[in-house]
Amino acid sequence: MPDRTAALLAAFEKSFNAKPEGAVRAPGRVNLIGEHTDYNHGFCLPMAIERDIRIAWRKRSDLMVRVVSLEQDGVVEFPLVTPIPHAKEKARKWADYVKGCAQILIDASVDLVGCDLAITGDVPLGSGLSSSAALEVASMLAFLAAAGMKLPHEEIAKLAQKAENTYVGTNCGILDQLSSACATQGQAMLMDCRTLRLTPAPLPAGVSVVIADTGKRRGLVDSAYNERRAQCEAGAKALGVLHLRDVTMHGLWHAVALGRLDATAKRRCEHVVAEDGRTLAAFACLRAGDAVAFGELMDQSHADLRDKFEVTCAELDGMVTIARSLPGCLGSRMTGAGFGGCTVSLVKDEAVKAFVPELEKRYRAEFPGMVPAVYVTRAAAGAGPLKI
Ligand code: ADP
Ligand code: MG
């Protein structure tokens with residue numbers, strides 16, 4: 001049994017004086033390309049990563065939920081009676097992701113039962129690898145397992161997104177939850193954020209995905225993210241559509257020529273429309289096994305996120321520039337919402353061993369005081385039961 005699962009079981013027994021009945025896991029994700037497109041009903045190309053949230057569960061005979069996290073202090077208790085109260089103290093806010101899932105399941109008329117839950121995770125918090133979505137999807141699975149119920153994973157993803165949107169109050173799109181709930185091992189997946197259709201595609205042979213955390217943190221319940229969403233919505237309205245997914249570059253420039261968009265709106269919309277095209281092209285590269293062309297699209301994506309969508313920062317730009325200067329790197333870009341967090345790079349297998357320490361070393365030299373972390377990951381399986 002892996003150490004993390006053993007530690008989880010030990011913590012469960014210590015906290016609740018009993019063995020768990022079952023356990024579940026839900027992975028974090030990295031988006032290879034297709035950024036700030038999900039809430040525009042466009043395309044993304046994520047994969048699940050080999051880091052996850054694990055939850056051990058045991059039914060109770062009452063309607064109480066008790067929850068502990070190995071990464072947080074204290075036990076949080078709440079009754080399954082709506083409305084479930086939010087955390088009063090900041091130190092207990094992590095449990096709102098769990099409470100939000102219970103609330104949304106109750107709202108969806110699922111008959112929940114009380115349970116004890118122990119959580120552990122190795123998805124870094126707040127770095128754009130979706131620890132929050134992993135926590136929500138795992139919580140959904142744990143509540144459903146305790147209640148002896150099953151739901152389709154696409155439905156679980158939608159309910160988890162609703163929990164984050166309405167209970168936690170973060171206006172995220174569907175990308176994170178759908179990736180965590182529905183990923184396929186060994187595959188990236190083209191995600192159509194309108195239809196929620198997922199089309200898996202393997203990564204080209206001979207290349208690795210390398211994630212580099214800049215160490216810079218910025219929460220998502222953040223004015224800049226909401227501002228970008230509002231700008232996209234306003235842009236779509238000016239262009240006469242509900243979502244930027246339905247705009248072509250030609251249509252966009254036509255509207256610009258007619259004076260319907262100001263300079264900022266033009267830049268924002270140009271990124272989204274181009275990014276959708278790049279994501280579809282990147283998917284075609286996966287199908288063709290063309291890692292070089294895929295890497296070029298990643299570079300273009302970063303350039304637009306920096307210059308047109310303006311969601312990068314010195315640390316993200318620096319990490320990407322250093323990565324691109326190293327041997328064997330085929331492409332590099334920021335991943336996640338931006339303003340901090342992680343980059344993702346495509347690196348030739350034979351170069352990875354030297355790439356990882358060199359990237360860390362050069363980044364530390366350029367950004368003194370920042371603590372980077374570099375992970376090489378394969379595409380992991382989506383959420384499901386965990387053997388205990
Ligand atoms: P991201 O999803 O990019 O990691 P968010 O800010 O959306 O960042 O979500 C991070 C939050 O998720 C944390 O602040 C914490 O509340 C919660 N969380 C993540 N992992 C855990 C964990 N192992 N235990 C408890 N809470 C967690
Ligand atoms: Mg999140």
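Residues numbered from 1 in each chain as written. Chains lettered and ligands numbered in written order. Predicted model: local features only at pLDDT ≥ 70, side-chain atom pairs only at ≥ 80, totals over all residues. Heavy atoms only, no water.

Some details on the domain arrangement of the protein
By the assigned domains, the protein splits into domain 1 (3-197 + 381-385) and domain 2 (202-377). A separation of 26 Å is found between the C-alpha centroids of domain 1 and domain 2. Between domain 1 and domain 2, the residue contacts involve 37 residues of the former and 45 residues of the latter. The junction of domain 1 with domain 2 conceals about 3500 Å² of combined surface from both sides, 62% of it contributed by carbon and sulfur atoms. (Domains from an automatic or database assignment. Contact = heavy atoms within 4.5 Å. Buried area = accessible area lost by both parts, 1.4 Å probe.)

Points about the layout of surface pockets
Considered as a void within the structure, the largest pocket measures approximately 1100 Å³ in volume. Among the elements of the structure, β6 (115-121), α3 (131-146), α4 (153-168) and α5 (175-182) are those that each provide at least two residues to the lining of the largest pocket. A breakdown of the residues in the lining of the largest pocket according to their chemical character gives 18 nonpolar, 19 polar and 13 charged. Three or more residues apiece are contributed to the lining of the largest pocket by two domains, here domain 1 (3-197 + 381-385) and domain 2 (202-377). (1 Å grid on protein atoms, 1.4 Å probe; cavity = no way out; pocket = protein on both sides within 12 Å on 5 of 7 lines; lining within 4 Å. Points joined across faces, edges and corners; volume = space filled by probe spheres on them. Helix = DSSP H or I, 4+ residues; strand = E, 2+ residues; numbered from the N terminus. Nonpolar A, V, L, I, M, F, W, Y, C, P; charged D, E, K, R; others polar.)

Focus: helix α8 (residues 263-288)
Residues separated by three or four positions in an α-helix point in the same direction, a consequence of the helix having 3.6 residues per turn. An ideal rise of 1.5 Å per residue puts 38 Å on 26 residues; α8 measures up with 37 Å between its terminal C-alpha atoms. Two residues or fewer past α8, G289 is found with a positive phi of approximately 70 degrees. (Expected span 1.5 Å × (residues − 1).)

Quick look at the site of ligand 1
The environment of ligand 1 is formed by 17 residues, the closest being S69, E71, G126, S131 and S132. E71 is positioned with one of its side-chain polar atoms (N or O) 2.9 Å from a nitrogen atom of ligand 1. Contact distances for ligand 1 include 3.1 Å between an oxygen atom and a backbone N or O atom of G128. Structurally, ligand 1 is housed in the largest pocket. In terms of residue count, the dominant contributor to the shell around ligand 1 is α3 (three residues). Taken together, the residues that form the shell around ligand 1 break down as seven nonpolar, nine polar and one charged. (Near = heavy atom within 4 Å. Polar contact = N/O pair within 3.5 Å; in protein donor to acceptor, adjacent residues only side chain to side chain. Sits in = over half its atoms within 2 Å of the grid points.)

Examining the sheet that holds strand β1 (residues 22-31)
Read across the open sheet, the six strands follow the order β5-β4-β6-β3-β1-β13; overall the sheet is mixed. With partners counted over all chains shown, the strands left at the sheet margins are β5 (75-79) and β13 (384-385), one partner each. Here strand β4 (residues 64-69) runs beside β6; their pairing, made up of five bridges, is parallel. Note on β6: the bridge partner recorded for V65 is C115. The strands that helix α1 (residues 3-16) touches are β3 (46-59), β4 and β6; relative to β6, the one it contacts most, it runs at about 145 degrees. Each of β4, β5 and β6 touches helix α2 (residues 95-107); the most contacted strand, β5, lies at about 20 degrees to it. (Pairing = 2+ DSSP bridges. Axes fitted to C-alpha atoms, helices over the stretch in contact; angles between N-to-C directions.)

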